[in-house]
Amino acid sequence: MAMLFKPLVYTQEQVRWLETRGMVYQLLMDFLGRPPRMSLIAQWRRKVESGSRTAISRGGRRLMAYLESLPEADFRSVCHQEAKEYERLFSGRDALIPACESSFRSRREGTAAMACSAEVRKVYMENAIVFNKLNGECDDHIALELEFMAVLAEGMLAKASLQQSCLALADAQIHFLESHLLKWAQPFAQELMQATSSPLFTGLAEMMEEFLAADLQQLRAWRDSQQPAI
């Protein structure tokens, strides 16, 4: 029997969520992907000052308040300190926190690292996502997993009126959050909050911990409301 889909339905809250979530994933990805440069901090500070809708969580509000409070006279030195803090936390053999899912979960859970990386790579291939890894990042680096979600979030927004494409993108995001990101991003965020006193990285960690769980809840709720009709 042929299945006919009802027209996709969005509440006002869901429209705001769709318009905001890609930016949140982008922000997290930008700051967790490499040591933050002055240009990146300045870019996000401008977005904050122009009314960016990233303050959707306590961590988001903390981060926005920090970026808004940076004094011009100290801007260069603060940016330098945050870049050094990134290196201390995530770079090299002495990194405090593994920034790749396979390494992080292998240490905490005994998960097979190679199998975990292969699973992530397979998800990217199934969704026709290819990353331009300029710095040799691993496929399961926290920034690439966040970028994967950002790409699919933007795709879902762009295809908001295309039933099957939008539903497939929602399903892919739900699966990836349940099978990968939420398996380790929250404990990663908790370790980050314990390891740093930087307002930047504390805000990012708190924002990620809150946002990912809320985003999965929103995705599930929206997906469940779009049932096919016979």
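Whatever comes next refers back to the structure up there.
Just so it is clear, the structure is predicted and the values come from calculations on it, not from any experiment.

Draft legend 1. Up close: the overall build of the protein chain. Along the protein chain, the regular secondary structure elements total 9 helices and 2 strands. Start at the N end of the protein chain and walk to the C end: the helices and strands fall as β-α-α-α-α-α-α-α-α-α-β. In terms of C-alpha radius of gyration, the protein chain reaches 18 Å, essentially the compact-globule figure of 17 Å for 230 residues. In the protein chain, which comprises 230 residues, the share counted as buried stands at 48%. The contacts in the protein chain between residues at least 6 apart in sequence include a share of 73% that link residues at least 24 apart. Here the protein chain has roughly 11700 Å² of accessible surface; of this, 52% comes from carbon and sulfur atoms. Charged side chains in the protein chain number 26 positive and 29 negative. The centres of these two groups are separated by 1 Å.

Draft legend 2. Structural context of the packing of helix 7 (residues 142–158) against helix 8 (residues 163–195). With their axes 10 Å apart at the nearest point, helix 7 and helix 8 run at an angle of 155° to one another. By the angle class used here, helix 7 and helix 8 are roughly antiparallel. Relative to helix 8, the crossing made by helix 7 is left-handed. Taken together, the residues of helix 8 that come into contact with helix 7 (itself represented by I142, E145, L146, F148, M149, L152, A153, G155 and M156) are C166, L169, A170, A172, Q173, F176, L177, H180, L181, W184, A185 and F188. Of the residues belonging to the contact of helix 7 with helix 8, the class tally is 17 nonpolar, 3 polar and 1 charged.

Draft legend 3. Seen up close, unusual backbone geometry. Although it is not a glycine, A128 adopts a positive phi angle of roughly 55°. The residue A128 is located in the loop between helix 6 (113–126) and helix 7 in this model.

Draft legend 4. Molecular detail of the nonpolar core. Of all hydrophobic cores here, the largest spans 68 residues; its most connected members are F90, I142, L146, L181 and M208. Where this core is concerned, the elements lending two or more residues are helix 1 (12–33), helix 2 (38–49), helix 3 (58–69), helix 4 (75–90), helix 6, helix 7, helix 8 and helix 9 (199–224). Of the residues forming this core, the biggest block, 14 residues, is contributed by helix 8. The contacts of F90, once residues within four sequence positions are left out, are L32, A95, I97, A99, F188, L192 and F201.

Draft legend 5. Local environment of the side chain of D215. Examined against the element boundaries, D215 turns out to sit in helix 9. You can call D215 buried: its relative accessible area is 1%.

Draft legend 6. Structural context of the pattern of salt bridges. Under the criterion given, the structure shown has 14 salt bridges. Between R88 and E85 there is a salt bridge, with its nearest N and O atoms 2.8 Å apart. Of the two residues, R88 and E85 both sit in helix 4, 3 residues apart, roughly one turn of that helix. Here R121 and D139 are joined by a salt bridge, their closest N and O atoms 2.8 Å apart. Placement of the pair is R121 in helix 6 and D139 in the loop between helix 6 and helix 7, with a sequence separation of 18 residues.

Draft legend 7. How the structure looks around the environment of D140. Relative to the assigned elements, D140 resides in the loop between helix 6 and helix 7. We classify D140 as buried; its relative accessible area is 2%. Leaving out residues up to four positions away in the same chain, D140 has contacts with A99, C100, E101, S102, S117, V120, E145 and W184. There is a polar contact of 3.3 Å between the side chain of D140 and the side chain of S117.

Draft legend 8. View of helix 9. Its 26 residues give helix 9 an end-to-end C-alpha distance of 37 Å, which sits within 8% of 38 Å, the value for a rise of 1.5 Å per residue. Between a side-chain oxygen at the N-terminus of helix 9 and the backbone nitrogen of L200 the separation is 3.2 Å; the capping residue is S198.

About the cut-offs
- Residues numbered from 1 in each chain as written.
- Predicted model: local features only at pLDDT ≥ 70, side-chain atom pairs only at ≥ 80, totals over all residues.
- Heavy atoms only, no water.
- Helix = DSSP H or I, 4+ residues; strand = E, 2+ residues; numbered from the N terminus.
- Rg over C-alpha atoms; globule rule 2.2 N^0.38 Å.
- Buried < 20%, exposed > 50% of the residue type's maximum accessible area, 1.4 Å probe, protein only.
- Contact = heavy atoms within 4.5 Å.
- Areas by Shrake-Rupley, 256 points an atom, 1.4 Å probe, with all protein chains shown as cover.
- Lys, Arg positive; Asp, Glu negative; His and termini not counted.
- Charge placed at Lys NZ, Arg CZ, Asp CG, Glu CD.
- Axes fitted to C-alpha atoms, helices over the stretch in contact; angles between N-to-C directions.
- Parallel < 35°, antiparallel > 145°, perpendicular 65-115°, else oblique.
- Left-handed = near helix turned anticlockwise from the far one by under 90°.
- Nonpolar A, V, L, I, M, F, W, Y, C, P; charged D, E, K, R; others polar.
- Core = buried A, V, L, I, M, F, W, Y, C linked by side-chain atoms within 4.5 Å.
- Salt bridge = Lys/Arg side-chain N within 4 Å of Asp/Glu carboxyl O.
- Polar contact = N/O pair within 3.5 Å; in protein donor to acceptor, adjacent residues only side chain to side chain.
- Expected span 1.5 Å × (residues − 1).

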